[in-house]
Each structure stands twice: as C-alpha cells, then as structure tokens.
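Coordinate inspection notes
Okay, here's what each chain looks like letter by letter:
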Amino acid sequence: MPKFMDVHRGMKGITPELLREAHEADLAIQGEESVDFQRAWGDPETGVVFCLSEAPNAEAVRKIHERTGHPADEIVELPLEV
C-alpha cells in the first residue's frame, strides 16, 4: 500500500496532548477509508504537524483528516523508501 506524508500548518502552540488527541481521532475512523496512520510529529513553535500513513490514495487520507477537523494542507505520496 502507498505511503503518504501529510502536512498541517497553523497549529502553533500544539502540545503533546493535543497532538495525541488529533492522532487518536484519526485512528478511531481510519478503517472507514482503509488508512493506517502510523506516526505524527509536531513543532509547537512553527505550528507545523506531519503525519505518516499508508492508504489506498491521498484522497482517503484527506477525507479522514477533514472528518476529524484538522484538514491537511498538503499530502505527498512517498513512492521510494530505503
């Protein structure tokens, strides 16, 4: 299954607790679009959050993030891995 890295901007001040809550919201419904959210990283100073997932396509990732209230600004497929 393809891997994706998505980027969320505008989350300045995010805390570990808020990042965990957002990630858990995605996990709760990810199966509805056959997405597997694997990890999330955030920078409270810049407000940038990254999420790594496996999904059938970027649209599936987009749908889950929109439904959980934190739409991605960018979703990039990661076709190569070493």
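Report follows, based on the coordinates. (Residues numbered from 1 in each chain as written. Predicted model: local features only at pLDDT ≥ 70, side-chain atom pairs only at ≥ 80, totals over all residues. Heavy atoms only, no water.)

Further remarks concern the sheet that holds strand β3 (residues 48-54). Where strands meet in a sheet, backbone hydrogen bonds hold them as pairs that are either parallel or antiparallel. The four strands are arranged β2-β3-β1-β4 in an open sheet whose pairing can be described as antiparallel. Where the open sheet ends on each side, the last strands, each with one partner, are β2 (36-43) and β4 (74-77). Each adjacent strand pair in this sheet contributes to an overall mean axis angle of 20°, direction not counted. Inspection of the sheet shows strand β1 (residues 3-8) paired to β3 by six bridges, in the antiparallel sense. Paired with Met5 across the two strands is Leu52, which belongs to β3. Packed on one face of the sheet, helix α1 (residues 16-29) meets β2 and β3 and runs near 160° to β2. In the packing of helix α2 (residues 58-67) onto the sheet, the strands contacted are β1, β2, β3 and β4, and the crossing angle to β1 comes to about 40°. (Pairing = 2+ DSSP bridges. Helix = DSSP H or I, 4+ residues; strand = E, 2+ residues; numbered from the N terminus. Axes fitted to C-alpha atoms, helices over the stretch in contact; angles between N-to-C directions. Contact = heavy atoms within 4.5 Å.)

Enumeration over the complete set of coordinates arrives at one cavity of 30 Å³ or more. Put simply, the largest cavity is a space of about 50 Å³. Together, His8, Met11, Leu19, Ala22, His23, Asp26, Ala40, Val49, Cys51 and His70 line the largest cavity. Looking at the lining of the largest cavity, the elements that each hand over two or more residues are α1 and β3. The element best represented in the lining of the largest cavity is α1, accounting for four residues. (1 Å grid on protein atoms, 1.4 Å probe; cavity = no way out; pocket = protein on both sides within 12 Å on 5 of 7 lines; lining within 4 Å. Points joined across faces, edges and corners; volume = space filled by probe spheres on them.)

Before going further, it helps to spend a moment on the pairing of β1. Counted residue by residue, β1 has five buried out of six residues, so it is predominantly covered. Across four bridges, the pairing between β1 and β4 is antiparallel. Bridging across to β4, Val7 finds its partner in Glu74. (Buried < 20%, exposed > 50% of the residue type's maximum accessible area, 1.4 Å probe, protein only.)

This paragraph deals with the pairing of β2. Taken together, the seven bridges between β2 and β3 define a ladder with antiparallel strand orientation. Opposite Phe37, over in β3, you have Ser53 as the bridge partner. Adjacent in sequence and paired antiparallel, β2 and β3 are bridged by four residues, among which Gly47 carries a positive phi angle near 80°.

Phe4, Ile29, Val35, Phe37, Ala55, Ala60, Val61 and Ile64 together form the largest nonpolar core, which totals eight residues. Excluding residues within four positions of it along the chain, Ala55 makes contact with Met1, Pro2, Phe4, Ser34, Val35 and Val61. (Core = buried A, V, L, I, M, F, W, Y, C linked by side-chain atoms within 4.5 Å.)

Turning next to α2. Taken residue by residue, α2 has Ala60, Val61, Ile64 and His65 as its buried positions. For α2, the arc enclosing every buried residue in end-on projection is 130°, short of the 170-degree limit, so these residues lie on one face. Looking at the packing, one finds that the buried side of α2 touches β1, α1, β2, β3 and β4. Remark: Gly69 follows α2 within two positions and exhibits a positive phi of approximately 90°. (Arc of directions from axis to C-beta.)

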